[in-house]
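# Architecture and fold: a report
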Amino acid sequence: MTGAVQEPAQRLLRGGFVSWLAAATVSAVGDGILYFAIAWVASGLGAHVVTLVLIAGLLPELLLTLLGGVAADRWGLRRTITGCNLAMCLLLTAFLLASEVAAVTGVLLGALALADGVVSSFHRPANNAFPRLFFPESLIPRAMSLTGSAMEIARIAGPPLGAVLVVVVSIKGAILADLASFAVVLAVLVAVRPPHEPVRPPRGSSSAVAELRAGLRAIRSVPGVGAMLGAVGIVAGTVIPMLGLCVPLLARSRGWSAADAGLMEAFWIVGALAISLLRAAGKVGIAARPVWPLSTGPVLASSGIVVAVVAPTPAIAFAGTGLMGIGTAIFTSHLFPLYLLQTPQGMLARFQSVLLVAQMLAMLVGNAWLGGLASQLGPGQAMLAAACACTCAGIPILASRTLRNARM
């Protein structure tokens, strides 16, 4: 029995996957450092400046991610990731050179954020699909859990490291750290070749527009994919905006400190990370029938939101957001591998790009909706509305015959 458990774990460490994952994690930490550095320096120039700078970084991702998915499927995932990392090295080097001869202004920060958003539009679909090229289908759920765990750790580590570098060294130190992270990924990509990389279509076989249409037709035609996109949109449009928007407002309304508000979000990450790590280590298995965790995970997350709203003390609110993280991770650790396994070969990046756009659009709508509710009714009522909406994520799952009968 022990050997049977160890064998998948050993297979998970083969084929260069760990080398790539370590490098990708370092790069994700660098991204967090860069994001914090840009936002922090821009905030010193005024609220309107930081708002415009952040919008400049988000708009390209919203507009170009679908095109990025097409490009990655045409060029190959590994080649796309390599090109994007090389582009970021050149971009950051150009920013450092420009900052030596001119002051760091809002225009310069906005240009950096805009260019970073363009590169991310091509990088994220390819990077999200890349683990699929290392393993057979039986190991994809655990590989995705391990990848998710590493990215959560990077998300936790990036902003604090960015704060230290900006304060101690300046924004140039943060840029240099991010530049070094991209150089690490480039070195690993030169050495690592995933064993299951699909053959790229012949050049000139069809236009980018035709391939985008083919990908969107496949999204509509593959059973269960539309339901999964609807479900992940509901979760992304309620949980993420609620954390970033409503949690700080709730803490202020209760007279809690900024540290308490930060810990509420941190406990959500800890809860999600715990499930991902247990899943990757094989301590918690993937459900044979994912319909149950896909439908109950959002309910568990909603329960955590309610606990946080009614909590009389910050400690109980921490437990609520931790429970919310556990429910979110139960949902995503089954949905993302199932979505990846449902993706036709040759369309990995296009399917990932649609998944990313669905989440971004849902978060955009969720921010506007919850912001309006919070201003009119208060943050607690907005969070309760988010909890009610989040429970509905199981409806498209249960309504899909394919997902009701799906097996991992």
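These remarks concern the structure in this document. (Residues numbered from 1 in each chain as written. Predicted model: local features only at pLDDT ≥ 70, side-chain atom pairs only at ≥ 80, totals over all residues. Heavy atoms only, no water.)

Ranked by internal contacts, the top residues of the largest apolar core, which has 52 residues, are Val225, Met242, Met264, Met324, Tyr339, Phe351 and Met383. At the level of elements, α8 (208-221), α9 (225-254), α10 (258-280), α11 (291-310), α12 (314-342), α13 (348-377) and α14 (379-391) are the ones that each hand at least two residues to this core. Element by element, the count of residues in this core is highest for α9, at 14 residues. Core analysis: the next-biggest nonpolar cluster, separate from the first, contains 31 residues, Val49, Phe95, Ala174 and Ile175 among them. (Core = buried A, V, L, I, M, F, W, Y, C linked by side-chain atoms within 4.5 Å. Buried < 20%, exposed > 50% of the residue type's maximum accessible area, 1.4 Å probe, protein only. Helix = DSSP H or I, 4+ residues; strand = E, 2+ residues; numbered from the N terminus.)

This part covers the packing of aromatic side chains. Using the criterion set out here, one finds four aromatic pairs in the structure. Their ring planes at 5° and their centres at 5.2 Å tell us that Phe267 and Phe318 sit as a pair that is stacked. Residue Phe267 is found in helix α10, and its partner Phe318 is found in helix α12; the two are separated by 51 residues along the sequence. Judged by relative accessible area, Phe267 falls into the partly exposed class, the value being 35%. (Phe/Tyr/Trp six-rings, centres within 6.5 Å; stacked < 30°, edge-to-face > 60°.)

This next bit is on the side chain of Thr25. Residue position: Thr25 is located in helix α2 (residues 17-43). Among the polar contacts made by the side chain of Thr25, one reaches the main-chain carbonyl oxygen of Leu21 at a distance of 2.7 Å. Beyond its immediate chain neighbours, meaning those up to four positions away, Thr25 contacts Ala150, Met151 and Ala154. (Polar contact = N/O pair within 3.5 Å; in protein donor to acceptor, adjacent residues only side chain to side chain. Contact = heavy atoms within 4.5 Å.)

A word on the pattern of salt bridges. Applying the stated rule across the entire model yields three salt bridges. In this structure, Lys172 engages Glu100 in a salt bridge whose closest nitrogen and oxygen atoms are separated by 3.1 Å. Taken together, the residues span a long stretch of sequence, with Lys172 in helix α7 (residues 171-191) and Glu100 in helix α4 (residues 77-101) at a distance of 72 residues. Judged by relative accessible area, which is 56%, Glu100 ranks as exposed. (Salt bridge = Lys/Arg side-chain N within 4 Å of Asp/Glu carboxyl O.)

A separate point is a nonpolar patch on the surface. A cluster of nonpolar side chains, Ile55, Leu59 and Leu63, forms an exposed patch at the surface whose accessible area comes to about 300 Å². Here Leu63 is to be found in helix α3 (residues 47-75). (Patch = residues over 30% accessible without salt bridge, like charges linked within 9 Å, V, L, I, M, F, W, Y side chains within 5 Å. Areas by Shrake-Rupley, 256 points an atom, 1.4 Å probe, with all protein chains shown as cover.)

With that settled, consider α14. The end-to-end C-alpha separation of α14 is 19 Å, in line with the 18 Å expected for 13 residues at 1.5 Å each. Taken together, the buried positions of α14 are Pro379, Gly380, Ala382, Met383, Ala386, Ala387 and Cys390. One side of α14 carries all its buried residues, which in axial view fall inside an arc of 160°. Of the surrounding secondary structure, the elements contacted by the buried residues of α14 are α9, α11 and α13. (Expected span 1.5 Å × (residues − 1). Arc of directions from axis to C-beta.)

Before going further, it helps to examine the environment of Asp178. Looking at the element boundaries, Asp178 is found in helix α7. Judged by its relative accessible area of 0%, Asp178 is buried. Spatially, the C-alpha atoms of Asp178 and Gly32 are 8.7 Å apart, while their sequence positions differ by 146 residues. Engagement of the side chain of Asp178 in a polar contact is seen with the backbone nitrogen of Asp31, the distance being 3.4 Å.

With that out of the way, let us pick up the environment of Glu100. Along the sequence, Glu100 and Lys172 sit 72 residues apart, while their C-alpha atoms lie 9.6 Å from each other. Reaching out from Glu100, the side chain makes a polar contact with the side chain of Lys172 at a distance of 3.1 Å.

Attention shifts here to the side chain of Ser181. With respect to the secondary-structure elements, Ser181 resides in helix α7. Take Ser181: its relative accessible area is 3%, and that puts it in the buried class.

What follows is about the packing of α11 against α12. A pair of packed helices is captured by two measures, namely the crossing angle of their axes and the spacing between those axes. Direction vectors running N to C along α11 and α12 enclose 165°, while the axes themselves pass 7 Å from each other. By the angle between their axes, α11 is roughly antiparallel relative to α12. Here α11 and α12 pass one another in a crossing that is left-handed. Here the contact of α11 with α12 is composed, by residue class, of 17 nonpolar, eight polar and no charged. (Axes fitted to C-alpha atoms, helices over the stretch in contact; angles between N-to-C directions. Parallel < 35°, antiparallel > 145°, perpendicular 65-115°, else oblique. Left-handed = near helix turned anticlockwise from the far one by under 90°. Nonpolar A, V, L, I, M, F, W, Y, C, P; charged D, E, K, R; others polar.)

Before going further, it helps to examine the packing of α9 against α12. Where α9 meets α12, the closest approach of the two axes is 11 Å, and the angle between their N-to-C directions is 150°. One finds that α9 runs roughly antiparallel with respect to α12. Along this stretch, α9 crosses α12, giving a crossing that reads as left-handed. Residue-level inspection shows Val225, Met228, Leu229, Ala231, Val232, Val235, Val239, Met242 and Leu243 of α9 in contact with α12, the latter providing Met324, Thr328, Phe331, Leu335, Phe336, Leu338, Tyr339 and Gln342. Of the residues contributing to the contact of α9 with α12, the split by class is 15 nonpolar, two polar and no charged.

Without other data, these values stay purely geometric and don't point to any function.
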